[in-house]
Amino acid sequence: QVQLVESGGGLVRPGGSLRLSCVASGKIGGLYAMGWYRQVVGRQREFIATSTNRDTAGYADSVKGRFTISGDFVNKTVYLQLNSLELEDAAVYYCSAEGLETNGRARQYWGQGTQVTVSS
């Protein structure tokens, strides 16, 4: 059974930093990407950043230049460094892992989320 466990969330002041971690366990066939999403109550979950097993990364425009993702596909771990945090960054952050099954279908797995609160 696949499990993704996030850690590192917390309370931080505007302009502060946090580092989120996510470790996946269990077999993820054809793992090719790990990433982060976030969600605020009443709003849709939004993409934040992704890291691929080809050592590429992508970011949402809202976090470019402030957040940095790094993935370790050997250990099925992904990190998200959050710098220059803004009030609007407050959300539950979810880790995601995507794999390609033997039937060719992509499958996405999710963690339970970690809360990031930005407040002065």
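See the structure shown above.
As the structure is a prediction and not an experimental result, all values here were calculated from the model.

Calculation criteria
Residues numbered from 1 in each chain as written. Predicted model: local features only at pLDDT ≥ 70, side-chain atom pairs only at ≥ 80, totals over all residues. Heavy atoms only, no water. Helix = DSSP H or I, 4+ residues; strand = E, 2+ residues; numbered from the N terminus. Rg over C-alpha atoms; globule rule 2.2 N^0.38 Å. Buried < 20%, exposed > 50% of the residue type's maximum accessible area, 1.4 Å probe, protein only. Pairing = 2+ DSSP bridges. Axes fitted to C-alpha atoms, helices over the stretch in contact; angles between N-to-C directions. Core = buried A, V, L, I, M, F, W, Y, C linked by side-chain atoms within 4.5 Å. Phe/Tyr/Trp six-rings, centres within 6.5 Å; stacked < 30°, edge-to-face > 60°. Lys NZ or Arg CZ within 6 Å of the ring centre and 35° of its normal.

A.B. asks: So what about the overall build of the chain? Which residues, and what values?
C.D. replies: Each helix and strand counted, the chain has zero helices and eleven strands in total. Moving toward the C terminus, one meets the helices and strands of the chain in the order β-β-β-β-β-β-β-β-β-β-β. Here the chain has a C-alpha radius of gyration of 14 Å; the compact-globule value for 120 residues is 14 Å, and the two agree. Overall, the chain is about 50 × 25 × 25 Å in size when its C-alpha atoms are taken along their principal axes. Relative to its full complement of 120 residues, the chain shows a buried share of 39%.

A.B. asks: Kindly report on unusual backbone geometry, identifying the contributing residues and their values.
C.D. replies: For D55, which is not glycine, the phi torsion reads 65° and is therefore positive. Residue placement: D55 occurs in the loop between β5 (46-52) and β6 (57-59). On the accessibility criterion, D55 (73% relative accessible area) is exposed. Despite not being glycine, K76 shows a phi value in the positive range, around 50°. Tracing the backbone shows K76 in the loop between β7 (67-72) and β8 (77-82). Classification of K76 by relative accessible area gives partly exposed; the value is 21%.

A.B. asks: Any chance you could break down the pairing of strand β9 (residues 91-100) for me, citing the residues and the numbers?
C.D. replies: Within a regular strand, side chains alternate between the sheet's two faces. Of all ten residues in β9, seven are buried; the element is thus mostly enclosed. With eight bridges connecting them, strand β4 (residues 31-39) and β9 associate as antiparallel partners. Pairing of A33 across the sheet is with E98, part of β9. What sits between β9 and strand β10 (residues 106-110) in their antiparallel hairpin is a turn of five residues, with G104 showing a positive phi close to 90°.

A.B. asks: So what's going on with the sheet that holds strand β1 (residues 3-7)? Residues and values would help.
C.D. replies: A sheet is described by the order of its strands in space; here four strands give the open sequence β1-β3-β8-β7, paired in antiparallel fashion. Two strands bound the open sheet, and with one partner strand each, they are β1 and β7. Direction aside, neighbouring strands of the sheet carry axes that sit 15° apart on average. In terms of strand pairing, strand β3 (residues 18-25) meets β8 through six bridges, oriented antiparallel. Residue pairing across strands places L20 opposite L80, the latter belonging to β8.

A.B. asks: Break down the nonpolar core for me, citing the residues and quoting the values.
C.D. replies: With 28 residues, the main nonpolar core has L4, W36, F67, L80 and Y93 as its most contacted residues. If you list the elements that add at least two residues to this core, you get β3, β4, β5, β7, β8, β9 and β11 (114-118).

A.B. asks: Outline the packing of aromatic side chains, listing residues and values.
C.D. replies: Inspection of every chain in the model, using the stated rule, returns two aromatic pairs. Taken together, a centroid distance of 4.9 Å and an interplanar angle of 70° make the contact between Y37 and W110 edge-to-face. Taken as a pair, Y37 in strand β4 and W110 in strand β10 lie far apart in primary sequence, 73 residues in all. The partly exposed category is assigned to W110, whose relative accessible area is 32%. Among the aromatic side chains, those forming a connected cluster through ring pairs are Y37, F47 and W110. The cationic tip of R19 hangs over the ring face of Y79; the distance from NZ or CZ to the ring centre is 4.4 Å. Cation over ring: R45 sits above Y94, and NZ or CZ is 3.7 Å from the ring centre.

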